[in-house]
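# Coordinate inspection notes
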Amino acid sequence: MSDQLTLSAETREKAGKGASRALRREGRIPAVIYGDKQDAQPIHVEERELTKLLHTGHMMNSLVEITLGKDKIRTLPKDVALHPVSDRPLHADFLRLAKGATVEVAVPVVFVNQEESPGLKRGGVLNVVRHELDLVCDAARIPDEIELDVTGLEVGDSIHISAVSLPEGSESAITDRDYTIATVVAPSALKKSDSETDEDEEETEGEEGAEAAEGAEGEATEGENSED
Amino acid sequence: MLQPKKMKYRKAFKGKIKGNAPGGTTLNFGSYGLKAMEPERITARQIEAARRAITRHIRRQGRLWIRVFPDVPVSKKPAEVRQGKGKGSVEYWAARVKPGRILFELDGVPGPIAAVAFERAAMKLPIKTKVVARLGDTSHLGA
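Residues numbered from 1 in each chain as written. Chains lettered and ligands numbered in written order. Predicted model: local features only at pLDDT ≥ 70, side-chain atom pairs only at ≥ 80, totals over all residues. Heavy atoms only, no water.

## Looking at the sheet that holds strand 7 (residues 129-133) of chain B
Residue and element names in this part refer to chain B. Across the sheet, four strands lie side by side as 3-6-1-7; this open sheet has antiparallel pairing. Each edge of the sheet is formed by a strand with only one pairing partner; in this case those strands are strand 3 (63-66) and strand 7. Across the sheet, the mean angle separating the axes of adjacent strands is 20° when strand polarity is ignored. Summarising the sheet, strand 3 and strand 6 (residues 102-107) pair through four bridges and their orientation is antiparallel. Bridge pairing in strand 6 links R63 to D107. Across the sheet, helix 1 (residues 44-58) touches strand 3 and strand 6, and the angle it forms with strand 6 is around 20°. Running at roughly 30° to strand 1 (residues 32-36), helix 2 (residues 111-122) makes contact with strand 1, strand 6 and strand 7 of the sheet. (Pairing = 2+ DSSP bridges. Helix = DSSP H or I, 4+ residues; strand = E, 2+ residues; numbered from the N terminus. Axes fitted to C-alpha atoms, helices over the stretch in contact; angles between N-to-C directions. Contact = heavy atoms within 4.5 Å.)

Structural data, given as structure tokens:
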């Protein structure tokens, strides 16, 4: 189960981009707490504190207790808007939680026993289709991560949601289909071993040859010799 | 090299690259990515050179995604030709890249290897870039 994180906040008096930008200049991030059939509460939090929580890697699937004056509000982070270039947080959304509430959260997936998979041992690549699983669970019992065992997986095998035993009290939010979480795919070297020699020739031809390599098809047909 | 299979118009205006990337700024496929920090037209040749630099370094492990596509035809007049007489012929293809755009993504390789692979790819590109990872993953730092 995820740890409970804490964050101190202050009430935000003014809304809008001018006030929000002024806050950001002072190292504060505008945020909002909503839900539980109450009015939305605009707040602002310390940027450094929020960044620290973000970099724990499990903030989005942990309960965050927000200290607002004398009140302590139990929330679940729903969204953190990041700047597209600098990746600094711009705004955060927190969902106020009632007692016994069920929530939908994205829980990260961790793949264990990769050494025990014959497919991966032979050079196969674990192609992760979903890095996170959308689960519906009790707010007090959100799993930290979902461990998936890849023991015995061969090249071409895949793990579907139906094969995963979820922790007690959790169920998948997507129920209409048996979606794929990860597959073990053949490495590019095995797939394209025939064309390997052609590629080596191409590279020695220089620029003219490189133009002819239009059919190289992505990353698959790379020769082993290194120019570096 | 990457280029469109068919096109609606043979030649395009030069255009300007303004503002930050409206989308494609977060990791969608892999665990590590190379993010553009400056606006620039990146040619198909540069994308291919960067791709080769990455695949050489990761040595057939892992999986690579290219998140930009050169869909802008860039024309050029031949040497020693007087001005006028219409626009030159298409010389190469380029992708218009805005700051914040993820150019490449990698998965299935350790963080330090991904970081070095991207560093080598960045040398082939005409812009400043940075290596990004999923939140909470710091294994690529200090590689």
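## Description of helix 2 (residues 47-54) of chain A
Residues and elements named next belong to chain A. Every buried residue of helix 2 is accounted for by E47, L50, L53 and L54. Buried residues of helix 2 fall within an arc of 130° about the axis and therefore sit on the same side. Looking at helix 2, the residues exposed on the side facing more than 90 degrees away from the buried face are R48 and K52. (Buried < 20%, exposed > 50% of the residue type's maximum accessible area, 1.4 Å probe, protein only. Arc of directions from axis to C-beta.)

## Comments concerning the packing of helix 1 of chain B against helix 2 of chain B
All names here are of chain B. At a closest axis distance of 8 Å, the pairing of helix 1 and helix 2 adopts a crossing angle of 150°. Judged by the inter-axis angle, helix 1 sits roughly antiparallel to helix 2. Helix 1 and helix 2 meet at a crossing whose hand is right-handed. Note on element contacts: helix 2 touches helix 1 through I113, V116, A117, F118, R120 and A121, opposite A50, A53, I54, H57 and I58. Within the contact of helix 1 with helix 2, the residues separate by chemical class into nine nonpolar, one polar and one charged. (Parallel < 35°, antiparallel > 145°, perpendicular 65-115°, else oblique. Left-handed = near helix turned anticlockwise from the far one by under 90°. Nonpolar A, V, L, I, M, F, W, Y, C, P; charged D, E, K, R; others polar.)

## Digging into the pairing of strand 5 (residues 89-97) of chain B
All names here are of chain B. With four bridges joining them, strand 2 (residues 40-43) and strand 5 adopt antiparallel strand pairing. Counterpart to R41 in the pairing with strand 5 is R96. As defined by bridge partners, strand 4 (residues 72-76) adjoins strand 5 across five bridges and the pair is classed as antiparallel. From the neighbouring strand, V72 faces strand 5, where its bridge partner is A94.

## Quick word on the sheet that holds strand 11 (residues 158-160) of chain A
Residue and element names in this part refer to chain A. A sheet is described by the order of its strands in space; here three strands give the open sequence 8-13-11, paired in antiparallel fashion. The open sheet has two edge strands, strand 8 (125-128) and strand 11, and neither has a second partner. Going across the sheet, the axis of each strand differs from the next one's by a mean of 15°, ignoring polarity.

## Remarks on the packing of aromatic side chains
All names here are of chain B. Under the definition given, this model contains one aromatic pair over all chains. Each ring, one from F29 and one from W65, has its centre 5.7 Å from the other, and the planes form 15°; the classification is stacked. In this pair, F29 is assigned in the segment before strand 1 and W65 in strand 3, connecting sequence segments 36 residues apart. (Phe/Tyr/Trp six-rings, centres within 6.5 Å; stacked < 30°, edge-to-face > 60°.)

## Notes on the nonpolar core
Counting 29 residues, the largest nonpolar core has A:F111, A:L126, A:L133, A:I142, A:L148 and A:I181 as the members making the most contacts within it. For this core, the element with the most residues is strand 7 (residues 102-112) of chain A, which contributes five residues. Beyond its immediate chain neighbours, meaning those up to four positions away, A:L148 contacts A:V109, A:V110, A:F111, A:V112, A:I159, A:V164 and A:I181. One finds B:I47, B:V68, B:V97 and B:L103 within the second-largest nonpolar core, a separate group that totals 22 residues. (Core = buried A, V, L, I, M, F, W, Y, C linked by side-chain atoms within 4.5 Å.)

## Brief notes about the side chain of A:D93
Residue and element names in this part refer to chain A. With respect to the helices and strands, D93 occurs in strand 6 (residues 89-96). There is no salt bridge for the buried D93, and the closest opposite charge comes from R12, which lies 7.7 Å off by N-O distance. Only 3.2 Å separates the side chain of D93 from the side chain of H91, close enough to count as a polar contact. If we skip the residues at most four places from it in the chain, D93 touches V32, Y34, L76, P77, K78 and D79. (Lys, Arg positive; Asp, Glu negative; His and termini not counted. Salt bridge = Lys/Arg side-chain N within 4 Å of Asp/Glu carboxyl O. Polar contact = N/O pair within 3.5 Å; in protein donor to acceptor, adjacent residues only side chain to side chain.)

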